[in-house]
Amino acid sequence: MSTAQTGSSRVKRGLAEMLKGGVIMDVVTPEQARIAEDAGAVAVMALERVPADIRAQGGVARMSDPDLIEAIIAEVSIPVMAKARIGHFVEAQVLQALDVDYIDESEVLSPADYVNHIDKWGFDTPFVCGATNLGEALRRINEGAAMIRSKGEAGTGDVSEATKHIRKITSEINQLKSMTRDELYVAAKELQAPYELVLEVAETGKLPVVLFTAGGVATPADAAMMMQLGADGVFVGSGIFKSGNPEQRAAAIVKATTFYDDPKVIAEVSRGLGEAMVGINVGDLPAPHRLAERGW
Amino acid sequence: MVTLRDESLGATDATGPTVGVLALQGDFREHARVLGELGAKVVLVRRPEDLEGLEGLVIPGGESTVMDKLSRAFGVAEPLKRRIAEGLPVYGTCAGLIMIADTLLDTIEGQQNLGGLDVVVRRNAFGSQNQSFETDLPVPALGEPPVHAVFIRGPVVESVGEKATPLASLPDGRVVAVEQGDLVGTSFHPEIQGDHRFHEYFLGKVRARASAASPTP
């Protein structure tokens, strides 16, 4: 092959490799995007409402206005991601046409299809998808996702679901590693995932794509905990711009993500951050309002 | 000392040179794995004290704005600049090339670089991720076959100063790999591709410098 090839798996998964060890921040204006980049975000997620507001205001949540996405792309030099509804392949086509760097097929928006996710292989723009367990992650990878984020429960500031999902994914990977080859057929059946991907995870001991954590991360210690639990990086949604001092909190979460194994650094950056976002305990959320249960 | 999940760093009884990988952000584990496979003793570098005893350093792919901020915030940037000026061999891929270039274009306000390479480098020179690509790239210094190069929102070398030498160019003439003495920079990512020749080439420089500094009896 002598000609240049765009949109290959290696190129799509490659960008996620470059984001590792970093923090991806939700932003709703170009001004917030600037603050995020200046604070050390590795990428931004451009959207009209952060999950906490989607939750508070209710209604159908959709892809953002192209004007907003383009204004944010124009403002920053780091990668810009944007969300499409689960199964809404036309929103994804639009986001690709807008030249976003990553498309998040996200449960934070209202699903557009309760049966099918987007066939992601047909796009040059890479996709990141949410997962609550290994089977779900592998189904998304089978559909062409180039990056996975554990879902957590977005817009709550309650990290417990993020903890549950990253622990679930890593423990299921560890179980596969200890299985014999014949047991993997049954494991694939139980995970409802393709055998080839299950075999690959069993052999390599990790997902074939980068794994970030999302959903409820609000403090430097939350971010560091996700990293210690095996995440390659973190998404912070409402946690930054719904807090008292976004600039300082954003920079603190970036530092805690790099020095996730150094409690002295985490202590230092956690000082005087002001108010964290007002949280909602996931246990208090009635089941229909739990976003992590969207997608399958 | 807490470990950085460094089970992937290769043999700890390696006999090769001690090479650091700047581990503030990005795909530093991929570099560490390649260097380990090639026999280097690998040290992940996040703090000034991690620079002690290094015979070479790799700056990985990632986000240059983030590496710049963290390297200054945690006091790595200044001692590293001094080490580069004193001749520490450094290999930078993508963001790493940006970090060691003397002059940058399309930076964010306040972005700084370590410098060392007499080149002008433009960030994100190909555009958005949709323009990221992989291609076969002839690299005369490495011989045949061409290197299969993966460009991820990569930079290009816009102009090569007197002290630096191009190592590879795209068909349109844009320079994407350079060297200057013991400094090597590539716009692309051999660490995620499986071709170790650039790392071997760099380790050759590290070994040569180490043996010149302290000739073995």
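In case you missed it, the structure is sitting above this.
Residues numbered from 1 in each chain as written. Chains lettered and ligands numbered in written order. Predicted model: local features only at pLDDT ≥ 70, side-chain atom pairs only at ≥ 80, totals over all residues. Heavy atoms only, no water.

A. Spatial organisation of the interface of chain A and chain B. The interface of chain A with chain B comprises 47 residues on the first partner and 42 residues on the second. Of the roughly 3,500 Å² buried between chain A and chain B on both sides combined, carbon and sulfur atoms contribute 52%. Interface area lost by chain A to chain B is led by Arg10, Met18 and Phe259 of chain A, which between them contribute 20%. Inspection of the chain A/chain B interface yields 5 salt bridges. The residue Arg153 of chain B makes a salt bridge to Asp101 of chain A at a minimum N-O spacing of 3.0 Å. Linking chain A with chain B are 25 residue pairs in polar contact (both at pLDDT 80 or more), by the criterion used here. Elements represented by at least two residues in the side of chain A that touches chain B include exactly strand E1 (5-6), helix H1 (9-19), helix H2 (30-39), helix H10 (220-228) and helix H12 (246-258) of chain A. The greatest single-element share of the side of chain A that touches chain B, amounting to 8 residues, is contributed by H1 of chain A. (Contact = heavy atoms within 4.5 Å. Buried area = accessible area lost by both parts, 1.4 Å probe. Salt bridge = Lys/Arg side-chain N within 4 Å of Asp/Glu carboxyl O. Polar contact = N/O pair within 3.5 Å; in protein donor to acceptor, adjacent residues only side chain to side chain. Helix = DSSP H or I, 4+ residues; strand = E, 2+ residues; numbered from the N terminus.)

B. Fine view of the pattern of salt bridges. All told, the structure shown has 33 salt bridges over all chains when counted by the stated rule. Ionic pairing is found between Arg123 of chain B and Glu63 of chain B, a salt bridge with its closest N-O pair at 2.9 Å. On the criterion of sequence distance, the pair formed by Arg123 of chain B in the loop between strand E6 (117-122) and strand E7 (133-137) and Glu63 of chain B in the loop between strand E3 (56-59) and helix H2 (64-73) is long-range, its members being 60 residues apart. If you follow the salt bridges from partner to partner, you end up with Glu17 and Lys20 of chain A together with Glu30 and Arg33 of chain B in one network.

C. View of the packing of helix H6 (residues 134-142) of chain A against helix H9 (residues 195-204) of chain A. All names here are of chain A. Two elements in contact, H6 and H9, have axes whose closest approach is 10 Å; the angle formed by their N-to-C orientations is 120 degrees. Where H6 crosses over H9, the handedness of that crossing is right-handed. In this structure, H6 contributes Leu138, Ile141 and Asn142 to the contact, and H9 contributes Leu197, Val198 and Val201. Partitioning the contact of H6 with H9 into residue classes produces 5 nonpolar, 1 polar and no charged. (Axes fitted to C-alpha atoms, helices over the stretch in contact; angles between N-to-C directions. Left-handed = near helix turned anticlockwise from the far one by under 90°. Nonpolar A, V, L, I, M, F, W, Y, C, P; charged D, E, K, R; others polar.)

D. Expanded view of the nonpolar core. Of all hydrophobic cores here, the largest spans 131 residues; its most connected members are Met147 and Ile148 of chain A. Counting residues per element, this core draws most heavily on H9 of chain A, which supplies 6 residues. Filtering out sequence-adjacent residues up to four positions away, Met147 of chain A remains in contact with Ala16, Leu19, Ile24, Met81, Tyr102, Phe127, Val128, Cys129, Val209, Val210, Phe212 and Phe235 of chain A. The next biggest cluster of nonpolar side chains, apart from the first, holds 33 residues, and it includes Phe28, Leu137, Val147 and Val184 of chain B. (Core = buried A, V, L, I, M, F, W, Y, C linked by side-chain atoms within 4.5 Å. Buried < 20%, exposed > 50% of the residue type's maximum accessible area, 1.4 Å probe, protein only.)

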